[in-house]
Amino acid sequence: MANDLSSTRSDCGTLPRVINVGSRCSELALCQTYLVIDLLKSRNSNLTFNVIKMSTKGDEILDKSLSKIGGKSLFTKELEVALADHRVDFVVHSLKDLPTTLPPGLAIGAVIKRHDPRDCVVLHTKHRAITRLSALPAGSVLGTSSLRRVAQLSRNYPQLKFENIRGNLNTRLRKLDTDNKYDGIVLAAAGIERLGWGERVNMFLGKQDMLYAVSQGAMAVEVREGDTDTVSMLSQISHTPTAIRITAERTFMRVLDGGCSVPIGTWSELDDDSQLTLSGTVLSCDGSEMLFSERSDLLPPSLPPTHLCSIDMLHRPGLAIADPLGGRELLERDNIVLHPTGIYCNSHDMRRFDVAQGCGNMIAERLEAMGARDVLRRARESGSVINVNQAPSTSNHTPTPTVLQKRPSEECVGTSNNNDNSPTVKRTRTS
């Protein structure tokens, strides 16, 4: 099976020669945007891309932790408004920032090959020789604004303390180096490595220490539904194995009504492009309660084109047809279909995405049966969590765009013990 949706296509139909791309203003966001543009330019040398930078609510409110200022639309709403208003042709996101329920009329046109999804720790220079969190002195302070990270690390390393830290990567690293407040900070490995600062990482956190955020390490390109030329162009760079994994992860979070404001973690693997394994956890804010479940599913093989009925429903929206995939819309010229989860995928792989969606559903339902909703309700009632994974409206605030004519100068290169006071953990594993 090909790893992208349309690995050989270079014809972009009626696309304008100049394509406007929406991006946040941070160095990491721009780096990721130009990574996507470079992938597209390598296949479409006749196209020109203008980057339109926008500031989001999450960029502007830096004196509060993420859980105190709202849900997943913090870093996406302003970009999505511009997309819906046709001021940009597509937008590039860190996929973990994107709500699992998108605004009406918008969809994920491509999922870029995932970078390292793990969390990592960067320590102050006085601790540079340390390679294990357990070796940090008792009372050491780690900076993070993530409830998920605090909950898991509090559970596994109760001798450590945690303080909120906000800002882009540059800002957080500067605070670590100069404020003398933090002994270390916890970051997503993908971001720091994309910016070429991987040498600063002291340690990567494995599955036993930290399940990562849903979709962490992956990038998404958001489009308008029905923009067939843009979807066709983006199909050239979409990475199917990554898209299958994040479909399972995002479904798991959507069913539990989760987001970056609740302590939910996941871990997924796709072995030999055929066996999908998904792990999910829900924790209390202090880590004293932990629910865990894991499931493996075999993916069906891709269907050959002769088994599919190709009808360009996006050009003929009034047409209804019963096809082998249940009447789902097909983009005829490239066999691209909009999956119910809001991701465009190759129609040959539709059933593989269905299995991934079912895997995410099963993990969420098993955690619900263990009491996940009660754990999350108590977390919200405690005041630590205010908002959940709510799709933003594509109206109201209109950001002021700035057009970049050229690339910026920066190059982008647990388990519990048996004591009566031990934390609660419930686990299941199915296959």
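Now for a look at the structure at hand.

About the thresholds
- Residues numbered from 1 in each chain as written.
- Predicted model: local features only at pLDDT ≥ 70, side-chain atom pairs only at ≥ 80, totals over all residues.
- Heavy atoms only, no water.
- Salt bridge = Lys/Arg side-chain N within 4 Å of Asp/Glu carboxyl O.
- Helix = DSSP H or I, 4+ residues; strand = E, 2+ residues; numbered from the N terminus.
- Buried < 20%, exposed > 50% of the residue type's maximum accessible area, 1.4 Å probe, protein only.
- Pairing = 2+ DSSP bridges.
- Polar contact = N/O pair within 3.5 Å; in protein donor to acceptor, adjacent residues only side chain to side chain.
- Phe/Tyr/Trp six-rings, centres within 6.5 Å; stacked < 30°, edge-to-face > 60°.
- Contact = heavy atoms within 4.5 Å.
- Axes fitted to C-alpha atoms, helices over the stretch in contact; angles between N-to-C directions.
- Right-handed = clockwise from strand over helix to strand, strands pointing away.

## Overview of the pattern of salt bridges
Applying the stated criterion across every chain yields a total of 17 salt bridges. Note that D97 is salt-bridged to R24, the shortest N-O span being 3.6 Å. Of this pair, D97 sits in the loop between β3 (90–94) and β4 (106–112) while R24 sits in strand β1 (residues 18–24), and the two are 73 residues apart along the sequence. Of the two residues, D97 and R24, neither departs from the other in class, the shared state being buried. Here R352 and D349 are joined by a salt bridge, their closest N and O atoms 3.7 Å apart. Here D349 falls in the buried class, since its relative accessible area comes to 3%.

## Things to note about the pairing of strand β13 (residues 289–298)
In terms of residue burial, β13 counts as a mostly covered element, since eight of its ten residues are buried. Where strand β12 (residues 275–283) lies against β13, nine bridges are found, and the strand directions are antiparallel. From the neighbouring strand, T281 faces β13, where its bridge partner is F292. From the end of β12 to the start of β13, which pair antiparallel, there are five residues, and G287 there has a positive phi angle of about 80°.

## Here's the deal with the environment of R166
Within the secondary structure, R166 is located in the loop between β7 (161–163) and α6 (169–178). The exposure class of R166 is buried, given its relative accessible area of 5%. Between the C-alpha atoms of R166 and G143, which are 23 residues apart in sequence, the distance is 8.7 Å.

## So, the side chain of E294
Within the element layout of this structure, E294 appears in strand β13. Only 2.5 Å separates the side chain of E294 from the side chain of S279, close enough to count as a polar contact.

## Examining the packing of aromatic side chains
Per the counting criterion, the structure on display carries one aromatic pair. Taken together, a centroid distance of 4.8 Å and an interplanar angle of 35° make the contact between Y212 and W267 tilted. Here W267 lies in strand β11 (residues 264–271) and Y212 lies in the loop between β9 (203–205) and β10 (219–224), a separation of 55 residues in the sequence. Note on accessibility: Y212 and W267 belong to one class, buried.

## Some details on α6
Because each turn of an α-helix spans 3.6 residues, side chains separated by three or four positions end up pointing in the same direction. For α6, every residue scored as buried is listed here: L169, T171, R172, L173 and L176. Contacts made by the buried residues of α6 are with α1 (27–41), β5 (119–123), β8 (184–188) and α7 (189–194). Sitting at the head of α6, N168 places a side-chain oxygen 3.2 Å from the backbone nitrogen of N170. N180 lies just past α6 and shows a positive phi near 55°.

## Brief notes about the sheet that holds β8
In space, the five strands of this open sheet follow the order β7-β6-β8-β5-β9, with mixed pairing throughout. Each edge of the sheet is formed by a strand with only one pairing partner; in this case those strands are β7 and β9. Each strand of the sheet is rotated relative to its neighbour by a mean of 30°, with strand direction disregarded. Here β5 pairs with β8 via five bridges, running antiparallel. By the bridge assignment for β8, L123 is matched with G184. Helix α5 (residues 147–156) rests against β5, β6 (141–143), β7, β8 and β9 of the sheet, and its axis sits at about 125° to β8. Along the sheet, α6 contacts β5 and β8; its crossing angle with β8, the most-contacted strand, is approximately 160°.

## Some words on the pairing of strand β2 (residues 48–54)
Taken across its seven residues, β2 has five buried, putting it largely inside the fold. Alignment of β1 against β2, held across seven bridges, turns out to be parallel. Bridging across to β2, G22 finds its partner in I52. Handedness of the β1-α1-β2 crossover: right-handed.

## So, the environment of N164
Of note, N164 is situated in the loop between β7 and α6. For N164, a relative accessible area of 30% gives the class partly exposed. Along the backbone, N164 and L142 are 22 residues apart, and their C-alpha atoms lie at a distance of 8.6 Å.

This is a description of form; function is not addressed.
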